[in-house]
Amino acid sequence: MRNSLLFLLMFNTLPLLAQPVGFRKVENETAFRSGMQKAAAELQSIRADFIQEKVLSMLDDKVVSKGIFLFAKESKLRMEYTSPFEYLMIINGDKVTIRDRQKTNTFSSRSNRLFTIINNIILDCVRGTVLQNKDFKSEIFSGNKKYLIKLTPVKSELKDYFSHLHVYIDMTDFAVQQFDMFEPNGDYTSIRFSNRKDNVEISPAEFTAP
Amino acid sequence: MWKFLRQNLLLLSTCVVVSACASSPVLEDSTGPVVSSCIQHYPDMLPKTVYHASVDAGKRHLSGILIFKNTAPNITRAVFTSETGLTFFDFEFSGNQFRVVSIMKNLNRKPVIKTLRNDIGLLIRFRNRGTSTLRMIKDHQIWEGFEERKNTTWYVSDSLCTSLQSIQMESKRKTYIHIDWWGTGFILPDSAIIRHLSYPFTIHLKKLTE
């Protein structure tokens, strides 16, 4: 009798363990998907501040950095880290420009598989096309005022870099608020947007190499 | 003739006292064999130190965030991540022991690990080495050397023992790693440049204030 109760308890609890704390699985995904598609179609550009937290799980520590984020359709992105270090990453189509303290490098993202992977993830997250990315299996959850898309890599190549990703979406306007990239070693990086302004004019010069 | 021989014998006897004949630093300014150890002043526990690091290997350039943190006395973790948060490697230095906690698949090559272990180890391992076997004063700086197999590692401090100024690693024939070290006190440097002199490999480090 006790074993049966334990068995029942386990089976009732397992689905809860699979879902992030504070979120429950969305029963009807159609409404969510159409909301995402509509928001993605209307989105032309984003200007926002971001805070990035790199959490080192085994060291029980984190590194916080801040910067400015720009996006313009279809695939232009500028992430400018301003504190505590200066670092600029511009993606314009398949061209990537990186400027750090020492050098500015421009190269094709096709020549660097890792960059292609990360670029696609970031772009898909911000422009709302993440559910179409075939490299990941997606699950949709809803919580208080926001949705959560959990992305699990399908390809073994991606599994080397990420165990899973979380993308947090505002329930009112389907805007991406935050995304977390979890690594196999337990570390994760969280990028959170603030002061977000959609569909503002952004000069094309912002997406060209400095 | 006698004068010439006497001078050479004197130089030879000085070398025997400090056991540094085979190494390139010359005892021109030696004021005697009594030289106090500066590097013993460095503590076993360091505060967490975060650097922006850039690595140039031939034509390749890579930058990121390098974090040093003691998890226990004499146990230091060195974690290198990309600016966007992906962990490249996580090493643990414990006395003379070394452990790869994790490393990105692309970097998981023996020569790469060996080079990184050696270079990063030079920055932190001297605190675990105990008393230097070689000591001398040269150019108003205090040189402390440790012999390991066929190599000697020299730690060069200012004459007042207030800070480390450079590190160099040499074989009997030549210096093959030179580290310029800028900082004050008995902690990791504010900035440093690690140069390999036998092949094009340089690491620049600049401390970040979070």
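So, here is what we can say about the structure in this document. Note that the structure is predicted; figures quoted are calculated from it, not measured.

Conventions used here
- Residues numbered from 1 in each chain as written.
- Chains lettered and ligands numbered in written order.
- Predicted model: local features only at pLDDT ≥ 70, side-chain atom pairs only at ≥ 80, totals over all residues.
- Heavy atoms only, no water.
- Helix = DSSP H or I, 4+ residues; strand = E, 2+ residues; numbered from the N terminus.
- Rg over C-alpha atoms; globule rule 2.2 N^0.38 Å.
- Buried < 20%, exposed > 50% of the residue type's maximum accessible area, 1.4 Å probe, protein only.
- Pairing = 2+ DSSP bridges.
- Contact = heavy atoms within 4.5 Å.
- Axes fitted to C-alpha atoms, helices over the stretch in contact; angles between N-to-C directions.
- Buried area = accessible area lost by both parts, 1.4 Å probe.
- Salt bridge = Lys/Arg side-chain N within 4 Å of Asp/Glu carboxyl O.
- Polar contact = N/O pair within 3.5 Å; in protein donor to acceptor, adjacent residues only side chain to side chain.
- Nonpolar A, V, L, I, M, F, W, Y, C, P; charged D, E, K, R; others polar.
- Disulfide = S-S within 2.5 Å.

1. Re the overall build of chain A
Alright, step 1. What chain A contains, in helices and strands, is 4 helices and 12 strands.
Alright, step 2. For 210 residues, the compact-globule formula gives about 17 Å, and the C-alpha radius of gyration of chain A, at 19 Å, lands near that figure.
Alright, step 3. Over its C-alpha atoms, taken along the principal directions, chain A stretches across nearly 70 × 40 × 30 Å.
Alright, step 4. Across the 210 residues that make up chain A, the buried fraction comes to 48%.

2. Brief notes about the sheet that holds strand β3 (residues 61-72) of chain A
Residue and element names in this part refer to chain A.
Alright, step 1. Judged by pairing direction, the sheet is antiparallel, and its 12 strands sit side by side in the order β1-β8-β9-β10-β11-β12-β2-β3-β4-β5-β6-β7 without closing on themselves. Across the chains shown, the open sheet's two edge strands, defined by having one partner strand only, are β1 (24-25) and β7 (104-108).
Alright, step 2. The pairing of β1 with strand β8 (residues 136-142) spans 2 bridges and is antiparallel. By the bridge assignment for β8, Arg24 is matched with Ser142.
Alright, step 3. Its contacts with the sheet place helix α2 (residues 29-42) against β8, β9 (146-153) and β10 (164-170), and it is angled at close to 105° to β8.

3. Structural notes on the interface of chain A and chain B
The parts lose accessible area when they come together, and the size of an interface is often stated as this lost area.
Alright, step 1. With 30 residues of chain A at the contact, the number on the chain B side is 29 residues.
Alright, step 2. The largest contributions to the chain A side of the interface with chain B come from A:Leu59, A:Phe85 and A:Arg101, which together make up 23% of the buried area.
Alright, step 3. Where chain A meets chain B, there are 4 salt bridges.
Alright, step 4. For the salt bridge of B:Asp56 with A:Lys103, the shortest nitrogen-to-oxygen distance reads 2.9 Å.
Alright, step 5. Counting the contacts that link chain A with chain B gives 14 residue pairs in polar contact (both at pLDDT 80 or more).
Alright, step 6. Residue assignment for the side of chain A that touches chain B shows that the elements contributing at least two residues are β2 (45-56), β3, β5 (87-92) and α3 (113-127) of chain A.
Alright, step 7. Among the elements that take part in the side of chain A that touches chain B, β3(A) stands out by supplying 4 residues, more than any other.
Alright, step 8. Considered class by class, the residues forming the side of chain A that touches chain B number 15 nonpolar, 5 polar and 10 charged.

4. A look at the pattern of salt bridges
Note that side chains of opposite charge can pair when their charged atoms are close.
Alright, step 1. Scanning the model with the defined rule gives 20 salt bridges over all chains in all.
Alright, step 2. A:Lys38 is the salt-bridge partner of A:Glu42, the closest N and O atoms lying 3.3 Å from each other. Remark: A:Lys38 and A:Glu42 occur in helix α2; sequence separation between them is 4 residues, near one turn of the helix.
Alright, step 3. Residues B:Glu92 and B:Arg99 are paired through a salt bridge, measuring 3.3 Å at the closest nitrogen-oxygen approach.

5. A look at the sheet that holds strand β9 (residues 164-170) of chain B
Residue and element names in this part refer to chain B.
Alright, step 1. With respect to topology, 12 strands assemble into an open sheet ordered β5-β4-β3-β2-β1-β12-β11-β10-β9-β8-β7-β6, the strand pairing being antiparallel. Of all strands in the sheet, those bounded by a partner on one side alone are β5 (97-103) and β6 (134-138). The mean angle between the axes of side-by-side strands here comes to 20°, regardless of whether they run parallel or antiparallel.
Alright, step 2. Bridge count between strand β1 (residues 49-57) and strand β12 (residues 201-207): 7 bridges; the pairing is antiparallel. Following the sheet pairing, Ala57 is matched in β12 by Phe201.
Alright, step 3. Taken strand by strand, helix α2 (residues 110-124) contacts β2 (60-72), β3 (75-81), β4 (87-94), β5, β8 (151-158), β9, β10 (175-182), β11 (191-196) and β12, and its axis lies near 55° from that of β4.

6. Side note on the state of the cysteines
Residues and elements named next belong to chain B.
Alright, step 1. By the definition in use, this model includes 1 disulfide over all chains.
Alright, step 2. Covalent S-S linkage joins Cys38 and Cys161, the inter-sulfur distance amounting to 1.9 Å. The chirality of the disulfide connecting Cys38 with Cys161 is left-handed, given an S-S dihedral of about -80°. With Cys38 in the loop between α1 (2-18) and β1 and Cys161 in the loop between β8 and β9, this residue pair connects regions lying 123 residues apart in the sequence.
Alright, step 3. Judged by its relative accessible area of 1%, Cys38 is buried.
Alright, step 4. You can call Cys161 buried: its relative accessible area is 8%.

7. A short note on the side chain of A:Glu183
Alright, step 1. With respect to the helices and strands, A:Glu183 occurs in the loop between β11 (176-182) and β12 (188-198).
Alright, step 2. Its relative accessible area of 5% is what places A:Glu183 among the buried residues.
Alright, step 3. Ignoring anything within four residues of it in the chain, the contact list for A:Glu183 reads A:Lys54, A:Tyr161, A:Phe162, A:Ser163, A:Thr189, B:Gly85, B:Leu86 and B:Thr87.

8. Things to note about the pairing of β11(A)
Residue and element names in this part refer to chain A.
Alright, step 1. Burial analysis of β11 places 6 of its 7 residues in the buried class, the great majority of the element.
Alright, step 2. When β10 meets β11, the two strands line up antiparallel, connected through 6 bridges. Its bridge partner lying in β11, Ile169 is registered against Val176.
Alright, step 3. Adjacent in sequence and paired antiparallel, β10 and β11 are bridged by 5 residues, among which Phe174 carries a positive phi angle near 60°.
Alright, step 4. Where β11 lies against β12, 5 bridges are found, and the strand directions are antiparallel. Paired with Phe179 across the strands is Ile191, a residue of β12.
Alright, step 5. In this antiparallel pair of consecutive strands, β11 and β12, the connection spans 5 residues, and Gly186 shows a positive phi of 100°.

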